[in-house]
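For reference, the chains in residue letters:
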Amino acid sequence: QAQLVESGGGLVQPGGSLRLSCAASGFTFSRYAMNWYRQAPGKERELVAAITSTGGITNYADSVKGRFTISRDNSKNTVYLQMNSLKPEDTAAYYCNAVWYTKYWGQGTQVTVSS
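K.L.:
Got a minute to help me understand the side chain of Arg67 in this structure?
P.N.:
When you line up the elements, Arg67 lands in the loop between strand 6 (58-60) and strand 7 (68-73). Note on Arg67: relative accessible area 11%, which makes it buried. Separated by 2.9 Å, the side chain of Arg67 and the backbone oxygen of Ser63 make a polar contact. A polar side-chain atom of Arg67 sits 3.0 Å from the main-chain carbonyl oxygen of Ser85.

What follows is the structure, encoded as structure tokens:
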């Protein structure tokens, strides 16, 4: 049974950092591109960052470029999102997503940026 489990969310002050992790199980992680999405209350889910199956190519939403870094460790079946210089507008539930011939979603982890 395929599963994605996010962790690392929490409350952080503006300008702070968090590192999200997404642990995968039940499927061949190294074949899947991985994405991080976020959804704020009352807003649509948006793609934040993406990484190819090998980790060779990454892409970011304009709103997070230069602040967020996506990475993966295929030996640990885990994808990460390092978030620096956090802003209140980064507050959202963050979800990881695996894509190949099918898609899997995690349950999400809440990130709140507030003083």
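Having seen the model, we can carry on.
K.L.:
Explanation requested: the environment of Gln3 in the structure shown.
P.N.:
Its place among the elements puts Gln3 in strand 1 (residues 3-7). Overall, the relative accessible area of 45% leaves Gln3 in the partly exposed class. Spatially, the C-alpha atom of Gln3 lies 30 Å from that of Lys87, the residues being 84 residues apart in sequence.

What counts as what
Residues numbered from 1 in each chain as written. Predicted model: local features only at pLDDT ≥ 70, side-chain atom pairs only at ≥ 80, totals over all residues. Heavy atoms only, no water. Helix = DSSP H or I, 4+ residues; strand = E, 2+ residues; numbered from the N terminus. Buried < 20%, exposed > 50% of the residue type's maximum accessible area, 1.4 Å probe, protein only. Polar contact = N/O pair within 3.5 Å; in protein donor to acceptor, adjacent residues only side chain to side chain.

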